[in-house]
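Chain residues, written in single-letter form:
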Protein chains: 2
Amino acid sequence: MSESLAYAELIAVLVAVTDNEPRVMTIDAGEALPSGPFETSHRTLQSGLRAWVESQTGHPVGYLEQLYTFADRDRALDAGTGAAQTRHISIGYLGLVREQVTLGAGRPEWRSWYEYFPWEDHRDGRPDLLTGLSERLLDWAGDHEVRRQRVDFLFGLNGQLWNEDLVLQRYELIYEAELEKEAGFGRQMASDHRRILATGITRLRAKIKYYPVVFELMPDSFTLLDLQRMTEALAGVRLHKSNFRRQVDQQNLIEETGEMSSETGGRPAKLFRYRPAVVEASSLSGARLPYSRH
Amino acid sequence: MSESLAYAELIAVLVAVTDNEPRVMTIDAGEALPSGPFETSHRTLQSGLRAWVESQTGHPVGYLEQLYTFADRDRALDAGTGAAQTRHISIGYLGLVREQVTLGAGRPEWRSWYEYFPWEDHRDGRPDLLTGLSERLLDWAGDHEVRRQRVDFLFGLNGQLWNEDLVLQRYELIYEAELEKEAGFGRQMASDHRRILATGITRLRAKIKYYPVVFELMPDSFTLLDLQRMTEALAGVRLHKSNFRRQVDQQNLIEETGEMSSETGGRPAKLFRYRPAVVEASSLSGARLPYSRH
DNA sequence: ATGACTTATTCTCCATCTGAGTTTATGTCA
DNA sequence: TGACATAAACTCAGATGGAGAATAAGTCAT
C-alpha cells in the first residue's frame, strides 16, 4: 500500500496580459512556474490552488481550470535503482488574473510567455527566428517523410497555414529533435515546466475560440479594439477587424456602456462591458454534428 | 512535508460499443468503475493504466486520454477532526477499446452507460423519463429565475434545443437538486464514480466532433451507416443521413475497400476503412477566429 | 481653420457551408 | 413480380465567413 503513496504538488500556469503582452507568473528569476504542496488543510484542489495563488498575487483569480496531471517527471531518477521511491505527482492548473500586483516572497515575476516560445508570436508576421528553427528541424527530419510532414504541418511550411493552437505539439517536436536547450530557441525552465507552460498556452488558445474566457482578462469596460488586441495577444496572430466585430456581436456577449473612449488617436470608440452571458454560455460551440430533427 | 503525501489511484472510464449500445466497464455488479493503485513500477501514468487495463480486458486500448484528477472525494471524512489524514487522489482516464472480452477477476462487466444516465439517450426521441425528471427539477428551481433558466437550458425545455454535450452539467444539476439518489433516475454508483463517468461521456461526446476518435471503436471495415450508428450511439442523438455522409467524406478520413456489405436488408453498401489521416488530424477543428492575412 | 492622418463603424459582395430534403439505384423477400 | 429497404447522388435556399470598400469622427501639425 505504501507503494502508492506519492508526493502531490500543485503547479500553476497563471496568466495576465498587460501592454498587449501575455504574461505568466514565474519564480526563481523566470526559471520555474510557481508550485506548492497540496496540503491536507485544503478542502479541494481548486480551493487549495486559489487560496495560495491569491496570497501570491494579491488579486482574485477570475478563472481557474485544471490542466493536466504530470507524473512521469522523475523517471530518470528511478531508472536503474529499482528502489521504491516516492512518486512525484504534479497537478497543473491554468488561472487567469486581471492584473498583476505581486506580493509574495521569492520574488515572483510576470514574464511574457513569448520569451519562452518566441516562435509563437506571429502578430508582426512570421518571426525571423523561425527560419533558423525550421531549418534545424528539417535537418533533423532528414529523409524521414513522416517527420518532414510533421514539421511542415506544425510550423506552417510548404504552403501550409500556421495553426496557433499547436503550441504543445510544436514544443514536443523541438524536444524530440533535441533542440529545446539550444541557445536562441527560447528561454528555458527547470524540470518540465516549459512543457507545462506550453500545455497551458495550448489550452487557452483553444478555449478562447468557443468559450468567452477572454473577458476574465479584460477590464470592466473596454473598446472593441481592446478586445481584439487581447485576443490577438493570446492567439499570437492578427485578426480581421470588421469580421472580429461581427463575430463578437453575433455572440451577444457584450453591451454598450453608453460612454466613449477618447484615447484611441482617432475617432473615439464606444465602450462596452461584458454581459455575463445569456445562459451558461456554450451553444457558441463551433464543431457540430449534422443533426436531424425528427 | 509528509502532509503532502497522498494515496494515488488510477480510475478508468473504459468504453466499448456493441449492438449500438455504448458500454462502460464496471466492477462490483455495476456499482463502481475499475480502479487501482498507481504503482512505483509504472513508468508513467499512461503506461500504468494501459498495462492494467489490457490485463483486465484482454484487448489493447486503442485510445487513452487523461480525464481529470479528483481529490475532493473524502472531504466528508476529514471534516471536523482536523487530523492529518492521507489524502486520496484519483486520476481519471478515458479509454476506448474495440471489443469487450473480459478476463480479469472481480467479475468486470460491460454495461450500457444509459443505465446510469437514462435521460441522455435521445435516439428514439426524448425519453419519457425526462418528463418526470424535469418536473422535479422545476419544482426544485421554484421561483429562482437563474435556476429555472439553467434547467431549461440543460434539459432542452421551453423551446431550447437539446445539447448532448452537457452530460456532466446535467448530472451536477441533478446532484444539486438532490435527486441523484432517487429511484428511477438512473443506476447509482459508489462514491463519485457516477460523476467520473459523466465526465468521461462529456469528454467523448465533445471530442468526436473535432477529432476522429470514433474510428478507435469501429472494426477494420465498415459501412457509412455503421459509422453513423456508432456516432449516434455515443452522442445519443439521431443524425441526418446524407449530411453525415457529406461531412465524413469532406474530412477525407476514409476510403473504399472495394468490397460491399450485403447485410443491410436493402441495397448493398460499400465498405470503407479508416485512412490514418493525412497529417496529425486537426485542422478539422471547428471553432475559428476571424484571421487576417497580411 | 485646413488638410493629413488615425481609428471607428457600417456595409457590400461573393464563395462556401449547412440544413433539409428528393431522386434514382440496387438489393432482399413474400 | 411487386413491395420494401437501404445506398448513394443530387438539389436548393438560407446562413455563414473571408475580404475589403465606404463613411464617420476624432487629433494634430501648419
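Model, not experiment: these values are computed from the prediction. (Residues numbered from 1 in each chain as written. Chains lettered and ligands numbered in written order. Predicted model: local features only at pLDDT ≥ 70, side-chain atom pairs only at ≥ 80, totals over all residues. Heavy atoms only, no water.)

Caption draft 1: Summary view of the overall build of chain A. For chain A, the count of helices and strands is 8 helices and 9 strands. Counting the 294 residues in chain A, one finds 50% classified as buried. Taking all contacts inside chain A whose residues are at least 6 apart in sequence as the whole, residues at least 24 apart take part in 65%. Just so you have it, chain A exposes about 13800 Å², and 47% of that area is on carbon and sulfur atoms. (Helix = DSSP H or I, 4+ residues; strand = E, 2+ residues; numbered from the N terminus. Buried < 20%, exposed > 50% of the residue type's maximum accessible area, 1.4 Å probe, protein only. Contact = heavy atoms within 4.5 Å. Areas by Shrake-Rupley, 256 points an atom, 1.4 Å probe, with all protein chains shown as cover.)

Caption draft 2: Up close: the pattern of salt bridges. All names here are of chain A. Per the stated rule, a full pass over the model turns up 42 salt bridges over all chains. Aspartate 19 serves as the salt-bridge partner of arginine 23, at 3.8 Å between the closest nitrogen and oxygen. Looking at aspartate 19, the relative accessible area reads 71%, which means it is exposed. The partner of arginine 187 in a salt bridge is glutamate 115, and the shortest N-O contact between them spans 3.1 Å. Taken together, the residues arginine 187 in the loop between helix 5 (167-176) and helix 6 (193-207) and glutamate 115 in the loop between strand 6 (109-112) and helix 3 (129-141) connect sequence positions 72 residues apart. (Salt bridge = Lys/Arg side-chain N within 4 Å of Asp/Glu carboxyl O.)

Caption draft 3: Highlighting the protein's contact with DNA strand C. Around DNA strand C, a shell composed of 21 residues is seen, among which A:Lys241, A:Lys270, B:Ser242, B:Asn243 and B:Arg246 lie nearest. The sugar-phosphate backbone supplies 55% of the atoms of DNA strand C found within 4 Å of the protein. B:Arg246 places a polar side-chain atom, nitrogen or oxygen, 2.8 Å from a base nitrogen of DNA strand C. A per-class count over the surface near DNA strand C returns 5 nonpolar, 9 polar and 7 charged. (Near = heavy atom within 4 Å. Polar contact = N/O pair within 3.5 Å; in protein donor to acceptor, adjacent residues only side chain to side chain. Nonpolar A, V, L, I, M, F, W, Y, C, P; charged D, E, K, R; others polar.)

Caption draft 4: Main features of the side chain of B:Lys207. Residues and elements named next belong to chain B. Topologically, lysine 207 is positioned in helix 6 (residues 193-207). By relative accessible area, which is 15% here, lysine 207 ends up buried. A distance of 3.4 Å separates the side chain of lysine 207 from the side chain of tyrosine 63, its partner in a polar contact.

Caption draft 5: Broad picture of helix 3 of chain A. Residue and element names in this part refer to chain A. With 13 residues, helix 3 ought to run about 18 Å at 1.5 Å a step, and its terminal C-alpha atoms sit 18 Å apart, in line with that. Three or more residues of helix 3 are buried, namely Leu130, Leu133, Ser134, Leu137, Trp140 and Ala141. Considered in projection along helix 3, the buried side chains sweep an arc of 110° and stay on one side of the axis. Away from its buried face by more than 90 degrees, helix 3 exposes Thr131, Glu135 and Asp139. Its buried side turned inward, helix 3 meets helix 4 (145-155) and helix 5. (Expected span 1.5 Å × (residues − 1). Arc of directions from axis to C-beta.)

Caption draft 6: Structural detail: the packing of helix 5 (residues 167-176) of chain B against helix 6 of chain B. Residue and element names in this part refer to chain B. Contact geometry of helix 5 with helix 6 gives a least axis separation of 7 Å together with a crossing angle of 150°. It follows that helix 5 is roughly antiparallel to helix 6 by the angle criterion. Taken together, the residues of helix 6 that come into contact with helix 5 (itself represented by Val167, Leu168, Arg170, Tyr171, Glu172 and Tyr175) are Arg194, Arg195, Ala198, Thr199, Ile201, Thr202 and Arg205. Looking at the contact of helix 5 with helix 6 residue by residue, the class counts come to 6 nonpolar, 2 polar and 5 charged. (Axes fitted to C-alpha atoms, helices over the stretch in contact; angles between N-to-C directions. Parallel < 35°, antiparallel > 145°, perpendicular 65-115°, else oblique.)

Caption draft 7: Main features of the protein's contact with DNA strand D. Surveying the vicinity of DNA strand D reveals 19 residues, the closest of which are A:Ser242, A:Asn243, A:Arg246, B:Lys241 and B:Lys270. Restricting the count to atoms of DNA strand D within 4 Å of the protein gives a sugar and phosphate share of 52%. One of the side-chain nitrogen or oxygen atoms of A:His240 is found 3.0 Å away from a base nitrogen of DNA strand D. A distance of 2.6 Å separates a base nitrogen of DNA strand D from a polar side-chain atom of A:Arg246. When contributions to the surface near DNA strand D are tallied by element, the ones reaching two or more residues are helix 8 (241-251) of chain A together with helix 8 (241-251) and strand 9 (269-274) of chain B. In terms of residue class, the surface near DNA strand D is built from 5 nonpolar, 7 polar and 7 charged.

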